[in-house]
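# Structural description and commentary
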Amino acid sequence: MADHIRPATDADRKTIGEIYAAAILDGAASHFPPAALAAWAARPPLNDPAFGVDTLVLVADREGIVVGYGEADLAAGTVERLFVRPAVMGTGVGSALLARLETAVADRGHRRVSLDAADNALPFYERHGYARTGRSDRRDCGDVTLTCIGLAKTFLALMSILGGWAGPAH
Ligand SMILES: CC(C)(COP(=O)(O)OP(=O)(O)OC[C@H]1O[C@@H](n2cnc3c(N)ncnc32)[C@H](O)[C@@H]1OP(=O)(O)O)[C@@H](O)C(=O)NCCC(=O)NCCS
């Protein structure tokens, strides 16, 4: 059965925090030194005010268990976070969440979606049509610098096609 993707609620906050830390410590361990992982994982995943009007936070529910979450800034047209429980990584949760976040960004009128990816997630995003825009160093985790890669994916072609399509002929 397909995962149920739904907006997060306040009741999901604790689980989201657990998934965030576990996904980093497990999923990114091959690409970052322990100090960087610990600093990244310790950073609160949802800044206050977390569920603002321009922030979309989605969770994936698999048989009653939240197995992943993703966050997009709809004003900026960016995917901010995407994290999946280590036990179910590679089973389509991240793809399902990403697709829904992209749809929300496109529905806001953006012609492209951008994000900063950690090295370990680069193959995942490239698999989903993202291309590099440049490389950026960010100091998001105290004194530890995490190198992120700027990526973007354009909706332009699809939107042009849909925009020029007046509906079925009668
Ligand atoms: C990156 C992440 C969000 C992907 O979610 P996921 O549910 O594991 O990915 P999916 O199962 O939807 O995989 C989709 C495709 O990407 C591919 N892929 C390539 N590299 C991958 C990687 N490093 N991680 C996951 N999938 C990867 C998968 O093989 C799959 O391809 P397929 O459809 O041909 O089989 C998840 O693994 C994760 O939380 N990682 C740790 C935290 C992290 O780095 N988050 C992103 C921060 S920028």
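See the structure printed just above.
Quick summary incoming for the structure in this document. Worth saying up front: this structure is predicted, and the values here are computed from it rather than measured.

Here the focus is the environment of serine 136. Among the structural elements, serine 136 can be located in strand E6 (residues 131–141). A residue is classified by how many C-beta atoms lie within 10 Å of it, and serine 136, with 10 of them, is exposed. Each C-alpha atom, one on serine 136 and one on threonine 147, is 6.4 Å from the other, the two residues being eleven residues apart in sequence. Excluding its chain neighbours within four sequence positions, the residues that come into contact with serine 136 are Asp116, Cys148 and Gly150.

Right, let's get into unusual backbone geometry. A positive phi is found at glutamate 63, a non-glycine position, where the angle reads about 50°. The exposed category is assigned to glutamate 63, around which 8 C-beta atoms lie within 10 Å.

The next subject is the site of the ligand. The immediate surroundings of the ligand are formed by 21 residues, with Gly27, Met89, Gly94, Ser95 and Pro123 found nearest. When residues of the shell around the ligand are traced back to their parent elements, those giving at least two are helix H1 (13–27), strand E4 (78–84), helix H3 (93–107), strand E5 (112–118) and helix H4 (122–127). When the residues that make up the shell around the ligand are grouped by side-chain class, the tally is 13 nonpolar, seven polar and one charged.

One way to put it is that H1 packs onto helix H2 (residues 34–42) with a least axis distance of 9 Å and a crossing angle of 165°. When the axes of H1 and H2 are compared, the pair comes out roughly antiparallel. Seen along the crossing, H1 lies across H2 with a hand that is right-handed. Along its contact with H1, which presents Ala21, Ile24 and Leu25, the element H2 presents Leu37, Trp40 and Ala41. Here the residues of the contact of H1 with H2 sort into six nonpolar, no polar and no charged.

Where burial is concerned, most of strand E3 (residues 65–73) is hidden: seven out of the nine residues are buried. Here strand E2 (residues 55–62) pairs with E3 via eight bridges, running antiparallel. Opposite alanine 60, over in E3, you have glycine 68 as the bridge partner. Two successive antiparallel strands, E2 and E3, enclose a turn made up of two residues, where glutamate 63 displays a positive phi of approximately 50°. Here six bridges tie E3 to E4, and the two strands are oriented antiparallel to one another.

Conventions we followed
- Residues numbered from 1 in each chain as written.
- Predicted model: local features only at pLDDT ≥ 70, side-chain atom pairs only at ≥ 80, totals over all residues.
- Helix = DSSP H or I, 4+ residues; strand = E, 2+ residues; numbered from the N terminus.
- Buried ≥ 20, exposed ≤ 12 C-beta atoms within 10 Å, placed from the backbone.
- Contact = placed C-beta atoms within 7 Å.
- Near = placed C-beta within 6 Å.
- Nonpolar A, V, L, I, M, F, W, Y, C, P; charged D, E, K, R; others polar.
- Axes fitted to C-alpha atoms, helices over the stretch in contact; angles between N-to-C directions.
- Parallel < 35°, antiparallel > 145°, perpendicular 65-115°, else oblique.
- Left-handed = near helix turned anticlockwise from the far one by under 90°.
- Pairing = 2+ DSSP bridges.

That's the geometry; what it means functionally is another story.
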